[in-house]
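Secondary and tertiary structure notes
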Amino acid sequence: MSSISHIELDDSNLPPPTPEIEQERKVAMFDLLEENSFQLPKRDEREVPEGPYRLGLSIRERRLVFDIQTEKEEKAAEFHLSLSPFRQVVKDYWSICESYFDAVKNLPPSQIETIDMARRGIHNEGARILAERLEGKAEIDNDTARRLFTLICVLHFGG
């Protein structure tokens with residue numbers, strides 16, 4: 001399976017991120033580039049350029065855009081996903097993240113752990129939705145889906 005070697009978020013039209021959101025973004029991007037699995041499947045008998053790939057993520061006209069290029073910056077694919085299936089899970093994710101960030105500052109470890117378990121559950125749900133939405137467009141593993149979902153949350157938060 002191939003991978004993503006470079007990722008670029010187009011957040012130029014978004015408000016400046018909070019320090020917590022910026023940290024989530026940095027960690028997700030670092031982890032994604034360290035280890036991921038991303039493959040474009042063959043469709044309609046067309047040749048698919050082999051990876052590794054450069055991925056551009058953006059929100060345009062209220063749609064999530066995946067712009068995929070080869071290492072030589074040649075167009076490999078582009079697909080647009082509706083944001084509707086992500087809205088509630090992104091909202092829930094940021095809500096629980098806010099609780100988690102507050103808990104880390106004020107609560108004992110046992111309560112932080114409970115909130116973190118809930119946060120991971122919502123994160124897994126978002127990753128599942130993303131994997132379903134990418135079905136037939138890109139093949140990704142669970143860890144890649146989780147990291148991409150975090151980046152979608154960062155874009156969606158400001159959008």
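As a reminder, the structure under discussion sits directly above these lines.
Given the structure is predicted, the values throughout are model-derived calculations rather than measurements. (Residues numbered from 1 in each chain as written. Predicted model: local features only at pLDDT ≥ 70, side-chain atom pairs only at ≥ 80, totals over all residues. Heavy atoms only, no water.)

**Brief notes about the overall build of the protein chain**
To keep it simple, the criterion reads: Runs of E in the DSSP output that reach at least two residues are strands. Runs of H or I that reach at least four are helices, and both are numbered from the N terminus. In this setup the radius of gyration rests on C-alpha atoms only. A globule is expected at 2.2 Å times the number of residues raised to 0.38. Burial here depends on accessible area, computed with a 1.4 Å probe over protein chains only, as a share of the maximum for the residue type. Under 20% is buried, over 50% is exposed, and the range in between is partly exposed. Contact definition: two residues touch when any of their heavy atoms are within 4.5 Å. Each accessible area value is a Shrake-Rupley result obtained with a 1.4 Å probe; residue values ignore everything except the protein chains displayed when judging cover. Asp and Glu are treated as the negative residues and Lys and Arg as the positive ones, with His and the ends of the chain left uncounted. Where a charge sits is defined by one atom per residue type, namely NZ (Lys), CZ (Arg), CG (Asp) or CD (Glu).
Assigned secondary structure in the protein chain consists of 4 helices and 6 strands. In the protein chain, the succession of helices and strands from N to C terminus is β-α-β-β-β-β-α-α-β-α. The globule rule puts the C-alpha radius of gyration for 159 residues at 15 Å, and the 16 Å found for the protein chain is close to it. Over its C-alpha atoms, taken along the principal directions, the protein chain stretches across nearly 55 × 30 × 25 Å. Of all 159 residues assigned to the protein chain, the portion counted as buried reaches 42%. Look at the contacts in the protein chain between residues 6 or more apart in sequence, and 63% of them connect residues 24 or more apart. When the accessible surface of the protein chain is totalled, it reaches about 9100 Å², and 46% of it is carbon and sulfur. With 21 positive and 30 negative side-chain charges, the protein chain shows a spacing of 4 Å between the two charge centroids.

**Digging into the packing of aromatic side chains**
Note the cut-off: Under the pairing criterion, centres of Phe, Tyr and Trp rings, with the six-membered ring standing for Trp, must be within 6.5 Å; the plane angle then separates stacked pairs below 30 degrees from edge-to-face pairs above 60, leaving the rest tilted. Put simply, a charge is over a ring when the Lys NZ or the Arg CZ is close to the ring centre, within 6 Å, and near the line of the ring normal, within 35 degrees.
Inspection of every chain in the model, using the stated rule, returns 5 aromatic pairs. Aromatic side chains Phe38 and Tyr53 sit 5.9 Å apart centroid to centroid with 70 degrees between the ring planes, which places their arrangement in the edge-to-face category. Within this pair, whereas Phe38 is found in strand 2 (residues 38-39), its partner Tyr53 is found in strand 3 (residues 53-60), the two being separated by 15 residues in sequence. Neither residue differs from the other here; Phe38 and Tyr53 are each classed as buried. Every member of this aromatic cluster is reached through a ring pair, and the members are Tyr93, Trp94 and Phe149. Lying across the ring of Tyr100, Arg119 places its NZ or CZ 4.1 Å from the centre.

**A look at the nonpolar core**
One broad rule of soluble globular proteins: the nonpolar side chains tend to lie buried together. The test is simple: Working definition of a nonpolar core: buried Ala, Val, Leu, Ile, Met, Phe, Trp, Tyr and Cys residues. They are joined through side-chain atoms within 4.5 Å.
Among the nonpolar cores identified, the biggest contains 47 residues, and Ile7, Leu40, Leu57, Leu64, Phe66 and Ile68 are the most heavily contacted of them. For this core, the secondary structure elements donating two or more residues are strand 1 (4-9), helix 1 (19-34), strand 3, strand 4 (63-70), strand 5 (75-82), helix 2 (84-106), helix 3 (109-134) and helix 4 (142-158). Setting aside anything within four residues of it in sequence, one finds Phe66 in contact with Leu55, Gly56, Leu57, Ala77, Glu78, Phe79, Leu81, Leu130, Leu134 and Leu148.

**Re the environment of Arg60**
Relative to the assigned elements, Arg60 resides in strand 3. On the accessibility criterion, Arg60 (40% relative accessible area) is partly exposed. Taking the C-alpha atoms as reference points, Arg60 and Asp10, 50 residues apart in sequence, are found 9.6 Å from one another. Not counting residues within four places of it along the chain, the set of residues in contact with Arg60 comprises Val65, Glu78 and His80.

**Remarks on the sheet that holds strand 3**
For the record, the criterion: Two strands are counted as paired when DSSP detects at least two bridges linking them. Where helices are involved, their axes are fitted lines through C-alpha atoms of the stretch in contact, as for all axes, and angles between N-to-C directions lie from 0 to 180°.
Pairing within the open sheet is mixed, and its 4 strands lie in the order 1-3-4-5. Either end of the sheet is taken by a strand with one partner, and the two such strands are strand 1 and strand 5. Strand-to-strand twist in this sheet, taken as the mean axis angle between neighbours without regard to direction, amounts to 20 degrees. Bridge count for strand 4 against strand 5 is 7 bridges, and the pairing is antiparallel. Its bridge partner lying in strand 5, Asp67 is registered against Glu78.

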